[in-house]
Amino acid sequence: MSLTQDELKQQVAKAAIEYVKTGIIGVGTGSTANYFIDYLAEVKSKIEGAVASSEATAERLRKHGIEVFDLNNVDGMDIYVDGADEITEHMHMLKGGGGALTREKVVAANAKKFICICDESKYVPVLGKFPLPVEVLPMARSYVARQLSAMGGQPKLRDFTTDNGNIILDVHNLNIPDPIETEKTINQIVGVVTNGLFAKRPADILLLATDEGVKTIT
């Protein structure tokens, strides 16, 4: 019998708990990360606390009695656990459907290991079917949109304000044959805070939920 997407998310979130040892861990944002937080609460005595990649994640962690640390007060973390909207066999990810891409990228950069948790529907040969989120300073919206259009994408303004007070342009139909190069190019557009390609710093371990169980890909 096929598992529902929620059941797959729960399955992979639980599997990620095996990687939780001690100290402070980084925690992502989104539905799969939320399940991970719920399971983390069961082993919270093992860790000192967590660094959250969004206000929503911080609130959920605190509700479970897990201490939330400011990243500026942490030297580093062993692991960062988060989901993805898309991921390839090269561990390049497209993230930011929940709008927390900038903080996710910052927290991930501080972790020794990035553990991506998702269901098999997110495992793709090429990134870009899912619209690419780009966080932008509000005053630069039109300029950045023109630059993204020139790259072949179709940017659309999301009705959303990030935790950093910025806007998000979701870029549809963008061809992404080289995620590392595309990530770099978009980040160089003046007014862009960052984009949802996690290719320069890819995942280290992918835990992929399937009907046959969780597969570990490294």
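Relevant structure appears above.
Overview of the structure.

Parameters at a glance
- Residues numbered from 1 in each chain as written.
- Predicted model: local features only at pLDDT ≥ 70, side-chain atom pairs only at ≥ 80, totals over all residues.
- Heavy atoms only, no water.
- Helix = DSSP H or I, 4+ residues; strand = E, 2+ residues; numbered from the N terminus.
- Expected span 1.5 Å × (residues − 1).
- Buried < 20%, exposed > 50% of the residue type's maximum accessible area, 1.4 Å probe, protein only.
- Arc of directions from axis to C-beta.
- Contact = heavy atoms within 4.5 Å.
- Phe/Tyr/Trp six-rings, centres within 6.5 Å; stacked < 30°, edge-to-face > 60°.
- Patch = residues over 30% accessible without salt bridge, like charges linked within 9 Å, V, L, I, M, F, W, Y side chains within 5 Å.
- Areas by Shrake-Rupley, 256 points an atom, 1.4 Å probe, with all protein chains shown as cover.
- Salt bridge = Lys/Arg side-chain N within 4 Å of Asp/Glu carboxyl O.
- Pairing = 2+ DSSP bridges.
- Axes fitted to C-alpha atoms, helices over the stretch in contact; angles between N-to-C directions.
- Parallel < 35°, antiparallel > 145°, perpendicular 65-115°, else oblique.
- Left-handed = near helix turned anticlockwise from the far one by under 90°.
- Nonpolar A, V, L, I, M, F, W, Y, C, P; charged D, E, K, R; others polar.
- Core = buried A, V, L, I, M, F, W, Y, C linked by side-chain atoms within 4.5 Å.

**Topic: helix H1 (residues 5-16)**
Side chains of residues three or four places apart in an α-helix project in the same direction, reflecting 3.6 residues per turn.
Here is step 1 of the chain: For H1, built from twelve residues, the straight-helix expectation of 16 Å at 1.5 Å per residue is met to within 8% by its first-to-last C-alpha distance of 17 Å.
Here is step 2 of the chain: Among all positions of H1, only Leu8, Lys9, Val12, Ala13, Ala15 and Ala16 are buried. Each buried residue of H1 sits inside an arc of 160° when the element is viewed along its axis, so together they form one side.
Here is step 3 of the chain: The inward-facing, buried residues of H1 contact helix H2 (31-40), strand S3 (77-82), strand S6 (111-119), strand S12 (205-210) and strand S13 (213-217).

**So, the packing of aromatic side chains**
Here is step 1 of the chain: By the definition in use, this model includes two aromatic pairs.
Here is step 2 of the chain: For the pair Tyr80 and Phe114, a centre-to-centre distance of 5.1 Å together with 85° between the ring planes defines the contact as edge-to-face. Of this pair, Tyr80 sits in strand S3 while Phe114 sits in strand S6, placing them 34 residues apart in sequence.
Here is step 3 of the chain: Relative accessible area serves as the criterion here: at 0%, Tyr80 is assigned to the buried category.

**A few points about a nonpolar patch on the surface**
Here is step 1 of the chain: On the surface, Leu137, Met139 and Val193 cluster together into a nonpolar patch covering about 310 Å² of accessible area.
Here is step 2 of the chain: Relative to the elements of secondary structure, Leu137 occurs in the loop between strand S7 (132-136) and helix H5 (141-150).
Here is step 3 of the chain: Overall, the relative accessible area of 39% leaves Leu137 in the partly exposed class.

**Some words on the sheet that holds strand S11 (residues 197-198)**
Strand pairing in a sheet relies on backbone hydrogen bonds, with the paired strands running either antiparallel or parallel.
Here is step 1 of the chain: Across the sheet, three strands lie side by side as S4-S5-S11; this open sheet has antiparallel pairing. The open sheet has two edge strands with one neighbour each: strand S4 (86-87) and S11.
Here is step 2 of the chain: One ladder, built from two bridges, connects S4 with strand S5 (residues 93-94); its direction is antiparallel. Each bridged residue has a counterpart across the sheet, and for Ile87 the counterpart in S5 is Met93.

**A short note on the packing of H1 against H2**
Here is step 1 of the chain: It is at 8 Å that the axes of H1 and H2 come closest, and there the two elements cross at 50°. Our classification of the angle between H1 and H2 gives oblique. Along this stretch, H1 crosses H2, giving a crossing that reads as right-handed. Of the residues in H2, those in contact with Asp6, Lys9, Gln10, Val12, Ala13, Lys14 and Ala16 of H1 are Ser31, Thr32, Tyr35, Phe36 and Tyr39.
Here is step 2 of the chain: Partitioned by chemical class, the residues of the contact of H1 with H2 number six nonpolar, three polar and three charged.

**Examining the sheet that holds strand S8 (residues 154-157)**
Here is step 1 of the chain: Pairing in this open sheet of four strands is antiparallel, and the strands run S8-S9-S7-S10 from one edge to the other. On the outer flanks of this sheet lie S8 and strand S10 (192-195), each paired with one strand and no other. Strand-to-strand twist across the sheet, computed as the mean angle between neighbouring axes with direction ignored, equals 30°.
Here is step 2 of the chain: As judged from the three bridges shared by S7 and S10, these two strands associate in the antiparallel manner. Of the residues in S10, the one forming a bridge with Val136 is Val192.
Here is step 3 of the chain: Strand contacts of helix H4 (residues 101-109): S7, strand S9 (167-172) and S10, with the helix running at about 70° to S10, the strand carrying the most contacts.
Here is step 4 of the chain: Where helix H6 (residues 179-187) meets the sheet, its contacts fall on S7 and S10, and the angle it forms with S10 comes to roughly 165°.

**Points about the nonpolar core**
Here is step 1 of the chain: Counting 29 residues, the largest nonpolar core has Ile25, Phe36, Leu40 and Leu61 as the members making the most contacts within it.
Here is step 2 of the chain: Elements with a contribution of two residues or more to this core: H1, strand S1 (24-27), H2, strand S2 (49-52), helix H3 (55-63), S3, S6 and S12.
Here is step 3 of the chain: Contacts of Leu61, omitting those with residues within four sequence positions, involve Val27, Ile37, Leu40, Ala50, Ala52, Ile66 and Val68.
Here is step 4 of the chain: The next biggest cluster of nonpolar side chains, apart from the first, holds 21 residues, and it includes Val74, Met91, Met93 and Cys118.

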